[in-house]
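Summary of the model geometry
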Amino acid sequence: MAGIRKGDQVKVIAGKDKGVEGKIIGVLENDRVVVEGVNRVQKHTRAGQTGTEGGIITAEAPIHVSNVMLVVDADGGKTTTKIGSGVVDGKKTRISRKTGKEI
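Calculation notes
- As a convention, each chain's residues are numbered from 1 in the sequence order in which they are written.
- Thresholds applied to this predicted model are a pLDDT of at least 70 for local features of residues and 80 or more for the giving and counting of side-chain atom pairs; totals over whole chains, interfaces and linings are not thresholded and use all residues.
- Excluding hydrogens and water, the side-chain values take into account all heavy atoms of the structure.
- UniProt positions are given in the numbering used here, feature names are shortened, and annotations may be inferred rather than shown by experiment.
- Working definition: helices are DSSP H or I runs of at least four residues, strands are E runs of at least two. Numbering for both runs from the N terminus.
- We compute the radius of gyration from the C-alpha atoms alone; for a globule the expected value is 2.2 Å times N to the 0.38, where N is the number of residues.
- Burial status follows relative accessibility: with a 1.4 Å probe on protein chains alone, a residue under 20% of its type maximum counts as buried, one over 50% as exposed, and anything between as partly exposed.
- Areas reported here follow the Shrake-Rupley algorithm with a probe of radius 1.4 Å; residue values treat only the protein chains shown as occluding.
- For the purpose of charge, His is not counted, nor are the chain termini; Lys and Arg are scored as positive and Asp and Glu as negative.
- To locate a charge, take NZ of a lysine, CZ of an arginine, CG of an aspartate or CD of a glutamate.
- Strand pairing is defined by DSSP finding a minimum of two bridges between the two strands.
- Nine residue types can take part in a nonpolar core, namely buried Ala, Val, Leu, Ile, Met, Phe, Trp, Tyr and Cys, and a core is a set of them joined through side-chain atoms within 4.5 Å.

Looking up the protein in an unreviewed UniProt entry gives the name Large ribosomal subunit protein uL24, with the organism given as Aeromicrobium phoceense. Annotation of the protein in UniProt includes, under Subunit (unreviewed entry), the sentence "Part of the 50S ribosomal subunit."

**Concerning the overall build of the protein**
What the protein contains, in helices and strands, is zero helices and ten strands. Each helix and strand of the protein, placed in order from N terminus to C terminus, yields the pattern β-β-β-β-β-β-β-β-β-β. Over its C-alpha atoms the protein spans a radius of gyration of 17 Å, topping by over 25% the 13 Å that the globule rule assigns to 103 residues. Counting across all 103 residues of the protein, residues that qualify as buried make up 27%. As presented, the protein carries roughly 7200 Å² of accessible surface, and 47% of it is formed by carbon and sulfur atoms. One way to put it: in the protein the 18 positive side-chain charges average out to a point 4 Å from where the 12 negative ones average out.

**Here's the deal with the sheet that holds strand S3 (residues 32-35)**
Spatial ordering of the open sheet is given by S6-S3-S2-S1-S7-S8, a layout of six strands whose pairing is antiparallel. Either end of the sheet is taken by a strand with one partner, and the two such strands are strand S6 (63-64) and strand S8 (77-81). Relative to strand S2 (residues 21-28), strand S1 (residues 9-12) is paired through three bridges, and the arrangement is antiparallel. Directly across from lysine 11, in S2, lies its bridge partner glutamate 21.

**Describing the environment of valine 88**
Mapping valine 88 onto the fold places it in strand S9 (residues 83-88). For valine 88, a relative accessible area of 32% corresponds to the partly exposed category. Along the primary structure valine 88 and glutamate 102 are separated by 14 residues, whereas in three dimensions their C-alpha atoms are 8.6 Å apart.

**Observations concerning the nonpolar core**
Membership of the largest hydrophobic core comes to 13 residues, with the highest contact counts inside it found for Ile4, Val10, Ile24, Val33, Val35, Ile63 and Val68. At the level of elements, S1, S3 and strand S7 (68-74) are the ones that each hand at least two residues to this core. Here this core takes three residues from S7, the largest share from any one element.

**Considerations on unusual backbone geometry**
In this structure, aspartate 31 takes a positive phi of about 60° despite not being glycine. By the element assignment, aspartate 31 lies in the loop between S2 and S3. The exposure class of aspartate 31 is partly exposed, given its relative accessible area of 33%.

What follows is the structure, given as structure tokens:
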């Protein structure tokens, strides 16, 4: 995958929610991510015997990882960047390609 991880701040670059920023809630195996507040869908649920109420629930649906771009803090502002890899103190790390700093 593109090196995007749970907890990263990302910006949507394609689709109906283009331009929206959010935090990654989850990363799925099939190159999809769930972003907070993005691609919200409504699910209709039935009432269960255990006391759960039925109704309409709004939740985030996964989007493809190619439709998001990492946002990092750079020089007092936020900027989008690609992720590169580098070695710091003998460990592989993620590096911002725009700023050259470790993420």
